[in-house]
Amino acid sequence: MRILGVDPGSAVCGYGVVEGPGTRYVTAGTIRCASLAPGPARLHRIHEALLNIIDEFAPTAVSLERHFVAANVQSAFRLGEARAMAMLAAAERGLAMHEYPPNEVKLCVAGHGHADKAQVKYMVRKTLKLDPEVELADDAADALAIALCHLGRGRMPNLVESIERIRPATAPRRIKPKMVPQ
């Protein structure tokens, strides 16, 4: 399964492609639109770039961050337009669309729902075993985190595997008592 993660933005839109179940890094980058005039030209650039990425890397699904912005209504509108371009590109190519709130992405990848960008970026690099020489923009790291969240291969499964590996085989397991009706 190959997943395209998208971190939408009207000035910079991050994307990342990962493959599972072994969780392998495929590609990541950013779509830069800041130099274009606001409005239709930026949206067209995002849409066309995402279509090209979908055509080149052939993902089976698209995962997108579900944003909530209450402080600035105009920013929320611009972000919604960028999200719509990602949704439109996925729909045009017949791909399933999945959305995840930021806290869920952070929890899945970094093990903490309020992790900062540095923690998320670090865990994305660690999970995907990326070489430190590979440059990774914040928006691209966020997009990879969104894709990893969809695959369910963030930090939590690795944490469970680690605990199982270090727990002695003879360690007693806690059994939850069953409630017997009276």
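Conventions we followed
- Residues numbered from 1 in each chain as written.
- Predicted model: local features only at pLDDT ≥ 70, side-chain atom pairs only at ≥ 80, totals over all residues.
- Heavy atoms only, no water.
- Helix = DSSP H or I, 4+ residues; strand = E, 2+ residues; numbered from the N terminus.
- Areas by Shrake-Rupley, 256 points an atom, 1.4 Å probe, with all protein chains shown as cover.
- Buried < 20%, exposed > 50% of the residue type's maximum accessible area, 1.4 Å probe, protein only.
- Pairing = 2+ DSSP bridges.
- Axes fitted to C-alpha atoms, helices over the stretch in contact; angles between N-to-C directions.
- Parallel < 35°, antiparallel > 145°, perpendicular 65-115°, else oblique.
- Contact = heavy atoms within 4.5 Å.
- Nonpolar A, V, L, I, M, F, W, Y, C, P; charged D, E, K, R; others polar.

Colleague: Tell me what's going on with the overall build of the chain, and back it up with residues and numbers.
Modeller: When helices and strands are counted, the chain shows six helices and five strands. Beginning at the N terminus, the succession of helices and strands in the chain can be written as β-β-β-α-β-α-β-α-α-α-α. Carbon and sulfur atoms provide 57% of the accessible area of the chain, an area that totals close to 10,600 Å².

Colleague: Just give me the short version of the pairing of strand β1 (residues 2-7), but keep the residues and values in it.
Modeller: Counting buried residues along β1, six of its six residues qualify, which places the element largely inside the surrounding structure. Side chains R2, L4 and V6 project from β1 onto one buried face, and the interleaved I3, G5 and D7 project onto a second face that is buried too. Pairing of β1 with strand β2 (residues 12-19), which is carried by six bridges, proceeds in the antiparallel orientation. Paired with L4 across the bridge in β2 is V17. Looking at chain direction, β1 and strand β4 (residues 61-65) are connected through four bridges and run parallel. Looking across to β4, one finds that V6 is bridged to L64.

Colleague: Quick rundown of the packing of helix α3 (residues 102-110) against helix α5 (residues 138-151)? Include the residues and the values.
Modeller: Running from N to C, α3 and α5 cross one another at 80 degrees; their axes reach a closest spacing of 9 Å. Here α5 runs roughly perpendicular to α3, going by the angle between their axes. On α5, the residues touching E104, V105, C108 and V109 of α3 are A145, I146, L148 and C149. Of the residues in the contact of α3 with α5, the class split is seven nonpolar, no polar and one charged.

Colleague: Provide a residue-level description of the sheet that holds β2, including the pertinent values.
Modeller: The mixed open sheet is built from five strands, whose spatial order is β3-β2-β1-β4-β5. Strand pairing shows two members of the sheet lacking a second neighbour, β3 (24-32) and β5 (96-100), which therefore form its edges. When the angles between neighbouring strand axes are averaged without regard to direction, this sheet yields 20 degrees. Relative to the sheet, helix α1 (residues 40-57) contacts β1, β2 and β3, its axis offset from that of β3 by approximately 160 degrees.

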